[in-house]
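# Reading the structure
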Amino acid sequence: MTGLNTILIFVGLFLAGGAYSFSKQKMPKGVIVLLALGSVMCLLAGVLRIQGIWE
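The sections below set out a description of the structure shown in this document. It should be emphasised that the depicted structure is a prediction, and the values quoted were computed from it without experimental measurement.

Counting along an α-helix, one turn takes 3.6 residues, and residues three or four places apart therefore face a common direction. In this model, helix α2 (residues 29–51) (23 residues) spans 33 Å end to end at C-alpha, consistent with the 33 Å of a helix rising 1.5 Å per residue. Among the residues of α2, I32, L35, G38, S39, C42, A45, G46 and R49 are the ones counted as buried. In the segment just after α2, G52 is the residue with positive phi, at about 85 degrees.

The next point concerns the side chain of S39. Looking at the secondary structure, you find S39 in helix α2. In this structure S39 touches G12, L15 and A16, once residues within four positions along its chain are discounted.

How each quantity is defined
Residues numbered from 1 in each chain as written. Predicted model: local features only at pLDDT ≥ 70, side-chain atom pairs only at ≥ 80, totals over all residues. Heavy atoms only, no water. Helix = DSSP H or I, 4+ residues; strand = E, 2+ residues; numbered from the N terminus. Expected span 1.5 Å × (residues − 1). Buried < 20%, exposed > 50% of the residue type's maximum accessible area, 1.4 Å probe, protein only. Contact = heavy atoms within 4.5 Å.

Written out as structure tokens, the structure is:
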């Protein structure tokens, strides 16, 4: 299942980039917070799956 790990990490990085871009554009804080939370959840899930902690 390394493909899923890679996809989760790439989606997390994509969402982090979106949150950064939205913060530079002065978008509403709620949208930035949701993107940041989604990013953290995807990155955490990807890393935990790589470590074998969460399957």
